[in-house]
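Listed below, chain by chain, are the residues.
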Amino acid sequence: MTRLGRVHRIEDAVNVGLLVLMTALPLADVILRPLSTNLPGAFRWVSILTLWIAFTGAMLASRDGKHLSLAAGPDVLPPSAQWWTNRIVSVVAALVTAFLTVGAVKVVQVEAEFATEVPPGIPGWVPLVIMPIGYGLVALRLVLQRNEDWASRLGIFVAVAAAMTALAYLPDDVVEVMTWPGLLVLLAVTVLGSPIYVALGGAALLLFWVQFEPIAAVSTETMRMMKSDTVPTIPLFTFTGYVLAESKASERLVRAFRAMFGWMPGGMAVMTTLVCAFFTTFTGASGVTILALGGLLYPVLRAERYSEDFSVGLLTASGSIGLLFPPSLPIILYGVVAKVPIDRMFVAGILPGLVLVAAVSALGVRTAVTSRIPRQPFDFAEFRAGVWQAKWELALPVILLGALFSGWAILIEAAALVAAYALFVEVVIHKDLRISDLPRVGRECATLVGGVLIILGVALGFTNYLVDAEIPSLALEWVKQGIDSKWAFLIALNVFLLVVGTLMDIYSAIVVVVPLILPIGEHFGVDPIHLGIIFLANLELGFLTPPVGMNLFLASFRFERPLTQVYRLAVPFLLILLVAVLIVTYVPVLTLGPVEWVFGAEPEIPEFKF
């Protein structure tokens, strides 16, 4: 094995170690609670580990070229233009990340001035050094990953150093006019494939800079984000999803759901929708469902005489169908950004999620009836065997909701519980995964988590600038001039979010758009929990919307179909899901009724402020 290969193996092992430790600490507190004791500083360390997994995961995303971005990058351009665009994107991305590194160094220096400690007596600034180290290595890898020749790499490093020096000595009157040119450059490189965090972090740095505010403000918000009680659940639930996806859980669930629903008209289509929803619930909108389950479910549908076109369309549409069910990562992220209780969001999403599942399933039933696809008779023995084989996976949502709503565990403890449970089931009971497989699972999980959390960290700095500049208030005044009713606002919101969902990944959309629409929704009397479900349902639909919905690209890759053909196959599912989203939007009782029933009366939601 090469030296670089050994470094990569160490990185993978470190990331899975962080995830396992994050799982163990809250779980230990739950176990020790009946003994009236706990682990000193356990939750403080979970926050620290979240910060570490954010930056070590971001380093992995840079290493493997998997940072979340809006476009395919310069690959869509003629070969003659690709050389230059690669270098321009590399320079800007490395420059922004270098300034984020400088800001992170300043944050560590400020923290070192305070005599805070983390049990057992570690200076409080020490765990924070991962921020400048992480940003620095991300910048380095962005250059190395996008440019293969050393001459180009050296040229980019020199250009970045020269740009940092020049910007540091610009006269104040020049700095004041840099806003729009700088934002246009960031927009251009984002279209060319630069990571999303570069656009958001760069915009935040630029806007603070032209206002002569310290650039360390962005890293300060990243550090503050990690102290949230909710953010640590993001890596824990994602870890659960990847453990399931890398095991044979999908095969057991297919057998169980097939036995449950195979006897009814369209039973195989219903089964496909439910299995995809189950997996997307735990893996989030990461494309894992289509890529991991497509090869398993496509032959099943074809064996049941569903057409090739319908099978591809169904799997494309089902790739993000479970985003409204707990413990969906986008639901948690919305709760973090909007500052609404996550447990209420979990309950609010159940009925709307079932509406979307029912819509896709109904199209499958109709297709089966009109195509006269034969049904298989109900086999109780197979039903019992299938459910028994998948009993451990089927129990996951029950364990999560039971632990959470019984009061036995808070959200982060429940997240650790299901992560440990999934790990135990797949490694010890089923033996689908070996200990040697865990670094690979941890790598995939950490890559997604790092890509999401680094965006969230810089976006909060960007959002704080927008709030300080009263941009949400200006947006509200602009909307008031053209919209005078709640229902007109909801129609405009549906259209706007559909466009956003086609252009941005769901995580970027949440952290950028939610702070802008929350005050507007509040003005029109839209409950922030209902607004969140509307938001996520529309973005879920955006994954299926031509020309750039993410599921369309993934399906084209997975099933080796031309993209234009996938567009056509997705249209019937897009239309029926559009009807379902409108139902979710304009029948708020589907969202708020269960919340009132579970929690009683009107939920008290704090006013949206930073």
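This text goes with the structure placed above it.
The structure displayed is predicted, hence computed values, not measured ones.

Draft legend 1. Region of interest: the overall build of the protein. Looking only at helices and strands, the protein has 28 helices and two strands in total. Here the C-alpha radius of gyration of the protein, 24 Å, is about what a compact globule of 610 residues would show, namely 25 Å. Reported as C-alpha extents along the three principal axes, the dimensions of the protein are approximately 80 × 60 × 60 Å. For the protein, the accessible area works out to roughly 25,300 Å², and carbon and sulfur atoms hold 66% of it. For the protein, the distance from the average position of its 37 positive side-chain charges to the average position of its 43 negative side-chain charges is 11 Å.

Draft legend 2. Region of the structure containing the nonpolar core. The biggest cluster of nonpolar side chains holds 189 residues, and the ones touching the most others in it are L456 and F535. In terms of residues, this core owes the most to one element, helix α21 (residues 438–468), which gives 17 residues. In contact with F535, not counting residues within four places along its chain, are L497, A509, I510, V513, V514 and I517. Counting six residues, the second-largest nonpolar core is a separate cluster that includes A94, V143, I156 and V160.

Draft legend 3. Molecular detail of the packing of aromatic side chains. Taken as a whole and assessed by the stated rule, the structure comprises 12 aromatic pairs. On the numbers, 5.7 Å between centres and 45° between planes, the contact of F378 with F383 is tilted. Judged by its relative accessible area of 27%, F383 falls in the partly exposed class. An aromatic cluster is present here, built from Y306, F310 and F573 joined pairwise through their rings. Over the aromatic face of W150 sits the side chain of R153, whose NZ or CZ is 4.5 Å from the ring centroid. If you follow K391 out to its NZ or CZ, it ends over the ring of W388, 3.8 Å from the centre.

Draft legend 4. The arrangement of empty space enclosed by the protein in detail. Taken as a whole, this structure holds two cavities of 30 Å³ or more when the rule is applied. Taken as a whole, the largest cavity spans an internal volume of roughly 80 Å³. Residues that form the lining of the largest cavity fall into these classes: six nonpolar, four polar and two charged. In terms of lining, the second largest cavity is formed by A317, S320, I321, L356, A537, E540, L541, L544, N551, L577 and V581.

Draft legend 5. Region of interest: helix α28 (residues 589–599). Listed in full, the buried residues belonging to α28 are L590, T591, P594 and V595. What you see down the axis of α28 is that its buried residues fit within an arc of 130°, all on one side. Summarising the geometry of α28, the exposed residues directed more than 90 degrees from the buried face are V589 and W597.

Draft legend 6. Structural detail: helix α12 (residues 267–283). Taking 1.5 Å per residue as the helical rise, α12 with its 17 residues ought to reach 24 Å, and the 24 Å between its terminal C-alpha atoms agrees with that figure. Of all the 17 residues making up α12, 16 are buried; the element is thus mostly covered by neighbouring parts of the structure.

Draft legend 7. Up close: a nonpolar patch on the surface. Together, I133, L137, L140 and F157 give the surface a local cluster of nonpolar side chains, amounting to about 300 Å² of exposed area. If you tally residues by element for the nonpolar patch, the top one is helix α4 (residues 130–146), at three residues. Mapped onto the secondary structure, F157 falls in helix α5 (residues 150–168).

Draft legend 8. Highlighting the environment of I321. Take I321: it is sitting in the loop between α14 (308–318) and α15 (329–338). On the basis of relative accessible area, I321 is assigned to the buried category, the value being 1%. Excluding residues within four positions of it along the chain, I321 makes contact with T273, C276, A277, T280, L356, V357, V360, E540 and L577.

Draft legend 9. Focus on the packing of helix α10 (residues 233–246) against α15. Between α10 and α15, whose axes approach to 10 Å, the crossing angle comes to 175°. The angle between α10 and α15 places the two elements in the roughly antiparallel class. Packed against α10, whose contacting residues are T233, I234, F237 and T238, the element α15 presents L329, I332 and L333 at the interface. Tallied by class, the residues present in the contact of α10 with α15 amount to five nonpolar, two polar and no charged.

Draft legend 10. Quick peek at the pattern of salt bridges. Taken as a whole and judged by the stated rule, the model has 19 salt bridges. As a salt-bridge pair, E426 and R252 come within 2.8 Å of each other at their nearest N and O atoms. Of this pair, E426 sits in helix α20 (residues 411–429) while R252 is found in helix α11 (residues 249–261), placing the two residues 174 residues apart along the sequence. The pair formed by E426 and R252 is uniform in burial state, with each residue classed as buried. What you see here is one network of salt bridges that share partners, running through E11, D12, R63, D64, R141, R443 and E444.

The rules behind each value
- Residues numbered from 1 in each chain as written.
- Predicted model: local features only at pLDDT ≥ 70, side-chain atom pairs only at ≥ 80, totals over all residues.
- Heavy atoms only, no water.
- Helix = DSSP H or I, 4+ residues; strand = E, 2+ residues; numbered from the N terminus.
- Rg over C-alpha atoms; globule rule 2.2 N^0.38 Å.
- Areas by Shrake-Rupley, 256 points an atom, 1.4 Å probe, with all protein chains shown as cover.
- Lys, Arg positive; Asp, Glu negative; His and termini not counted.
- Charge placed at Lys NZ, Arg CZ, Asp CG, Glu CD.
- Core = buried A, V, L, I, M, F, W, Y, C linked by side-chain atoms within 4.5 Å.
- Buried < 20%, exposed > 50% of the residue type's maximum accessible area, 1.4 Å probe, protein only.
- Contact = heavy atoms within 4.5 Å.
- Phe/Tyr/Trp six-rings, centres within 6.5 Å; stacked < 30°, edge-to-face > 60°.
- Lys NZ or Arg CZ within 6 Å of the ring centre and 35° of its normal.
- 1 Å grid on protein atoms, 1.4 Å probe; cavity = no way out; pocket = protein on both sides within 12 Å on 5 of 7 lines; lining within 4 Å.
- Points joined across faces, edges and corners; volume = space filled by probe spheres on them.
- Nonpolar A, V, L, I, M, F, W, Y, C, P; charged D, E, K, R; others polar.
- Arc of directions from axis to C-beta.
- Expected span 1.5 Å × (residues − 1).
- Patch = residues over 30% accessible without salt bridge, like charges linked within 9 Å, V, L, I, M, F, W, Y side chains within 5 Å.
- Salt bridge = Lys/Arg side-chain N within 4 Å of Asp/Glu carboxyl O.
- Axes fitted to C-alpha atoms, helices over the stretch in contact; angles between N-to-C directions.
- Parallel < 35°, antiparallel > 145°, perpendicular 65-115°, else oblique.

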